[in-house]
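# Secondary and tertiary structure notes
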Amino acid sequence: MGNNNYETGRLNLPFVGHCTFAKSPVCLNWEEIDADVAILGAPNDMGTQWRAGSRFGPRGIREASTLFSFGHAGAYDHEDDALYLTQDQVRMVDVGDADIVHTDMVSSNANIELAVRKILASGAMPVVLGGDHSIHAPVIKAYAGRGPIHIVHFDAHLDFVDERHGVRYGHGSPLRRASEMDHIVGMTQLGIRNVSSSNRSDYDAARAAGSNILSVRDVRRLGTEAVLAQIPEGCNYYLTIDIDGFDPSIAPGTGTPSHGGFQYYEVLEIIQALAKRSGGNIIGMDLVEVAPAYDPTGVTSILAAQLLMNSIGFIFYERKQAMSR
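Keep in mind that this is a model prediction, so the values were computed, not measured.

Moving on, we come to the overall build of the protein chain. Helix and strand content of the protein chain: nine helices and 10 strands. Taking 2.2 N^0.38 as the reference for a compact globule, 325 residues should give roughly 20 Å; the C-alpha atoms of the protein chain span a radius of gyration of 18 Å, in line with that estimate. Projected onto its principal axes, the C-alpha coordinates of the protein chain cover approximately 60 × 45 × 40 Å. The contacts in the protein chain between residues at least 6 apart in sequence include a share of 78% that link residues at least 24 apart. For the protein chain, the accessible surface area stands at approximately 14200 Å², while carbon and sulfur atoms represent 51% of it. Distance from the positive charge centre (26 side chains) to the negative charge centre (38 side chains) of the protein chain: 3 Å.

Within the secondary structure, Asp202 sits in helix H5 (residues 200-208). For Asp202, a relative accessible area of 6% corresponds to the buried category. Every residue in contact with Asp202, bar those within four places of it in the chain, is listed here: Leu158, Phe160, Val161, Asp162 and Arg176.

Applying the stated criterion to the full structure yields five aromatic pairs. With a centroid separation of 5.3 Å and an interplanar angle of 70 degrees, the aromatic rings of Tyr264 and Tyr265 are classed as edge-to-face. Here Tyr264 falls in the buried class, since its relative accessible area comes to 12%. Feature note: the residues Tyr84, Phe314 and Tyr317 constitute an aromatic cluster, connected by ring pairs. The ring of Tyr169 carries Arg177 above its face, with NZ or CZ at 5.9 Å from the centroid.

Glancing now at helix H8 (residues 264-277). Look at H8: 20 Å from first C-alpha to last across 14 residues, which is about the 20 Å you get at 1.5 Å a residue. The complete set of buried residues in H8 reads Tyr264, Val267, Leu268, Ile270, Ile271, Gln272, Ala273, Leu274 and Ala275. Phi turns positive, to about 65 degrees, at Gly279, one or two residues after H8.

Attention shifts here to the pattern of salt bridges. Evaluation of the coordinates by the stated rule reveals 17 salt bridges. Through salt bridges with shared partners, a single ionic network connects Asp162, Glu163, Arg168, Arg177 and Glu180.

In this section: the environment of Pro174. Position of Pro174 among the secondary structure elements: in helix H4 (residues 174-179). Among the residues examined, Pro174 registers a relative accessible area of 1% and is labelled buried. Note: C-alpha distance between Pro174 and Ser54 (120 residues apart in sequence) is 16 Å. Contacts of Pro174, omitting those with residues within four sequence positions, involve His133, His136, Ala137 and Asp159.

Conventions we followed
Residues numbered from 1 in each chain as written. Predicted model: local features only at pLDDT ≥ 70, side-chain atom pairs only at ≥ 80, totals over all residues. Heavy atoms only, no water. Helix = DSSP H or I, 4+ residues; strand = E, 2+ residues; numbered from the N terminus. Rg over C-alpha atoms; globule rule 2.2 N^0.38 Å. Contact = heavy atoms within 4.5 Å. Areas by Shrake-Rupley, 256 points an atom, 1.4 Å probe, with all protein chains shown as cover. Lys, Arg positive; Asp, Glu negative; His and termini not counted. Charge placed at Lys NZ, Arg CZ, Asp CG, Glu CD. Buried < 20%, exposed > 50% of the residue type's maximum accessible area, 1.4 Å probe, protein only. Phe/Tyr/Trp six-rings, centres within 6.5 Å; stacked < 30°, edge-to-face > 60°. Lys NZ or Arg CZ within 6 Å of the ring centre and 35° of its normal. Expected span 1.5 Å × (residues − 1). Salt bridge = Lys/Arg side-chain N within 4 Å of Asp/Glu carboxyl O.

Here it is as C-alpha cells:
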C-alpha cells in the first residue's frame, strides 16, 4: 500500500462499514491501547447554557470523518509536496466514548478524566471529541505531571468564568479551571470576539493567569508567523478548539454561534506552523461544541473532521521529520 493506490485489499468506501473516526480500528479495552493516536468521545453537553445538542458531536464527527478515509496509504498534499497520515507516520485507534451519567457532572467529568489518563498511560496522544467545552477541564486535568503545557485555544468565547450560582464546571469555565492547574504555564486564546464572550474581570483574570488574547481581527492583522511568534517556545502544546471559533457561515452546527469568526485556513495554518516549529510537540487536542442537529447539511461535522485529520497529519509528519534529523 506504499504507492498510495487502491490495487489491493477492500475498497472500503466512506459509506460502507462502521463509523469509527477515520475508519480506524476499534479498541474498547483501554488497558490494551497500542497506537500513536487514540480518538475518544466525550458526549457531555450538560454544561451548555443555551442550545444543547453537542452530546451528538462525537457521532457526527466520526461519520463525517469517513469522507476522508478511503483506505489508501496516506493523503498527498500537492501544496506541501508531502504525504500525510501514512501508516508508518501514525497509527490511530478509536477507543469509543467516556461514560456520561445524565445529570451528574461530577461523575461524568471523572469518567472523562479516567479515559484520558488511560490513553496517556498507553503512550498514545488523546484526540477528544466533545461534547460542550466543559469537557476540556477533566481532559486537561488528566495531564497532571506532564507539564509544562501551553494551551492554544481557538474560540469565539474566553471561557474564563469563575463561578455562576455555584456552577464552576459549565462550558463557560474550562480555561479558568485549566489555569488553576500547576502543569498549565500559559495560554494563547485566539478568535475571542464580540458580545457574550465574558466580562472585563474575566479578561483581567485571564491575563493575570498568563493568557495572551487575540481576536479574529488581531490574527488577520498579524498573520500566521506573527501569531506564532507570540506563542512561547519550549513547552508542550495542547490544542482546544471550539467549533464556534469558526464563522457560522461555515460552521452553523453549534449551540452558541458568533459571527465574525475564522475561516478554515486561518486556523489550520497556525496549527501547521506550530507543529512544524515544535517538531510535532503537540501532546493532545480536543474539538468541542459541534451540535449536528443545527446543521442538516453536515458541513460543521465535516469541517471538524477535516481539521482534526489534517492536524493529526501535520503533527505526526513533523514528529517523523524531527526523528530523522
